[in-house]
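An overview of the molecular structure
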Amino acid sequence: MKKVFKKYLWLFEFIGVALILGIGLLVYFKSDILFVIVGLIFAIMGLLRLFPLIKTTHDKLLRWLYTIEIIVNIGAGTALIVLGLNPQNAVDLKTLFGYIIGGILYFRGVVYFISTVLRKESTDRVKFYSNLIFLTVGALIIGRGGFSLQQLAIVILVIAILAAIFVAYGGIKNYQNYRNEYAASEITKNVKKETVLEAPTSDEIANEVPVEDPKQKNDELNA
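Residues numbered from 1 in each chain as written. Predicted model: local features only at pLDDT ≥ 70, side-chain atom pairs only at ≥ 80, totals over all residues. Heavy atoms only, no water.

Thoughts on the nonpolar core
Core analysis: the largest hydrophobic core is formed by 15 residues, its most contacted members being Leu 34, Val 38, Phe 97 and Leu 152. Looking at this core, the elements with two or more residues in it are helix H3 (34–55), helix H4 (60–84), helix H5 (87–118) and helix H7 (149–195). The element that contributes the greatest number of residues to this core is H3, accounting for five residues. When residues no more than four places from it in sequence are discounted, the contact partners of Leu 34 are Val 27, Gly 39, Phe 97, Leu 149, Leu 152, Ala 153 and Ile 156. (Core = buried A, V, L, I, M, F, W, Y, C linked by side-chain atoms within 4.5 Å. Buried < 20%, exposed > 50% of the residue type's maximum accessible area, 1.4 Å probe, protein only. Helix = DSSP H or I, 4+ residues; strand = E, 2+ residues; numbered from the N terminus. Contact = heavy atoms within 4.5 Å.)

Below, the structure is given as structure tokens:
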């Protein structure tokens, strides 16, 4: 089953590209759905990170800090989904929408720098710069009092396009590997067919191997 899934991984990646672009365009032209989309992003990322992150973190303080962060993400995501599904509540939520996103981004940056600077957790350049951006953008959003839904819709659309390009690149590579394997298997089949030797018929054996006459052979021996 694992080999079959890996073989046809390109198909799921192509479907994923279409879905990602579709969601990005939907958010751009219908910005009210942003509450549900952003809520799903926060909730899913929190749920998927929960157990692997807790199991691989040996520092007790960081374990509790990561747990609090994930609970906040899941709680904020669930609230956005529930309130976003109700248009009346969604209108009231617009005043807090920017503060929620800004606060979560800022909290993510703070948690990162506590874990790396104070608790000496290993990191790399990508994590450093990305969390520095989270911290800066979160503080900027809170300082400006939030942002409009259309501005966030543009950001989501740009992220969707970049994600679609990334997934499409992997899908094209996997599809090329799939076609190369198919072409190689076809060549192998043709070679095997050409190298198989057919068994000769009885008529062919009779025509190629002369049958000796026993009487003639005896005469030759007596001569």
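The structure having been displayed, the exposition proceeds.
Some thoughts on the packing of aromatic side chains
A complete count under the given rule lists nine aromatic pairs for this structure. On the basis of an interplanar angle of 85° and a centroid distance of 5.0 Å, the ring pair of Tyr 28 and Phe 29 is categorised as edge-to-face. A relative accessible area of 67% places Phe 29 in the exposed class. Through a chain of ring-to-ring contacts, three or more aromatic side chains come together here, namely Trp 10, Phe 14, Tyr 175 and Tyr 178. (Phe/Tyr/Trp six-rings, centres within 6.5 Å; stacked < 30°, edge-to-face > 60°.)

Some details on the pattern of salt bridges
With the rule as written, the count across this model stands at three salt bridges. Close ionic contact of Arg 49 with Glu 69 constitutes a salt bridge, the shortest N to O distance being 3.8 Å. With Arg 49 in helix H3 and Glu 69 in helix H4, the pair connects residues that are 20 residues apart, well separated along the chain. Here Glu 69 falls in the buried class, since its relative accessible area comes to 1%. Ionic pairing is found between Asp 59 and Arg 119, a salt bridge with its closest N-O pair at 3.0 Å. Here Arg 119 lies in the loop between H5 and helix H6 (125–144) and Asp 59 lies in the loop between H3 and H4, a separation of 60 residues in the sequence. Salt bridges sharing common partners tie together Arg 49, Glu 69 and Arg 108. (Salt bridge = Lys/Arg side-chain N within 4 Å of Asp/Glu carboxyl O.)

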